[in-house]
Amino acid sequence: MSNLTRHDPLEDFFRGFFVRPVEFGSNAAADAPQMRVDVKENAEGYEVLAELPGIAKDDIHVHIDGPVVSISAERKQEKEVKNGERVLRTERYFGKVSRSFQLGQEIDEGQSSASFVDGVLTLKLPRKPTAQAKRLSIS
């Protein structure tokens, strides 16, 4: 059986006619990009790589609470418009993005480190040493 597609000739006519497409009921939260994250585990702990293109290092915040790691960042909009210039279309996202995830073991916050190079945040998260069970002697 063949697939049927619906064709609207008016849609073809108006496509490309406007500089900016008209969108009804747009939800800004749904348009926010997702933070792409890679999590790797090694003998010492975890390594997290997060893509944050176009974000300044000072606008990135990492919070560690036991095994939970939270990364938040904000991309600020530049309001530089030159004399005689007008913006025809803006597709870049400006605003806050955040991501939280839970790892298998608690993280040693004191030994953790972070670096940010070429739009990629790298977190080195060593595991917190597990407390050894202590046997009590009975007197």
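Residues numbered from 1 in each chain as written. Predicted model: local features only at pLDDT ≥ 70, side-chain atom pairs only at ≥ 80, totals over all residues. Heavy atoms only, no water.

Thoughts on the side chain of Arg75
Move 1: As for its placement among the helices and strands, Arg75 is situated in strand E4 (residues 68-75).
Move 2: By relative accessible area, Arg75 is classed as buried at 19%.
Move 3: Excluding its chain neighbours within four sequence positions, the residues that come into contact with Arg75 are Pro53, Gly54, Ile55, Tyr93, Phe94 and Gly95. (Helix = DSSP H or I, 4+ residues; strand = E, 2+ residues; numbered from the N terminus. Buried < 20%, exposed > 50% of the residue type's maximum accessible area, 1.4 Å probe, protein only. Contact = heavy atoms within 4.5 Å.)

Considering the sheet that holds strand E3 (residues 60-65)
Move 1: The 3 strands lie next to each other as E3-E4-E5, forming an open sheet whose pairing is antiparallel. Of all strands in the sheet, those bounded by a partner on one side alone are E3 and strand E5 (95-102). Adjacent strand axes in the sheet meet at a mean angle of 10 degrees, parallel and antiparallel pairs treated alike.
Move 2: Examined bridge by bridge, E3 and E4 share 6 bridges and lie antiparallel to one another. The residue of E4 that forms the bridge with Asp65 is Val68. (Pairing = 2+ DSSP bridges. Axes fitted to C-alpha atoms, helices over the stretch in contact; angles between N-to-C directions.)

Quick notes on the packing of aromatic side chains
Move 1: For the coordinates displayed, the defined rule picks out 0 aromatic pairs.
Move 2: Sitting over the ring of Tyr46, Arg127 keeps its end group 5.1 Å from the ring centre. (Phe/Tyr/Trp six-rings, centres within 6.5 Å; stacked < 30°, edge-to-face > 60°. Lys NZ or Arg CZ within 6 Å of the ring centre and 35° of its normal.)

Thoughts on the pairing of strand E7 (residues 120-126)
Move 1: A large share of E7 lies buried, amounting to 5 of its 7 residues.
Move 2: Pairing of strand E2 (residues 45-51) with E7 involves 7 bridges; the strand directions are antiparallel. Note that in E7 the partner of Val48 across the bridge is Leu123.
Move 3: Here 5 bridges tie strand E6 (residues 113-117) to E7, and the two strands are oriented antiparallel to one another. Residue Ser113 lies in a different strand from E7, and its bridge partner there is Lys124.
Move 4: Hairpin connection of E6 to E7: 2 residues between the antiparallel strands, including Asp118 at a positive phi of 55 degrees.

What to know about the sheet that holds strand E1 (residues 37-41)
Move 1: Strand order in the open sheet formed by 4 strands is E1-E2-E7-E6, with antiparallel pairing between adjacent strands. Edge positions in the sheet fall to E1 and E6, since each has one partner strand and no second. Shown here is a sheet whose adjacent strand axes are inclined to one another by a mean of 15 degrees, direction ignored.

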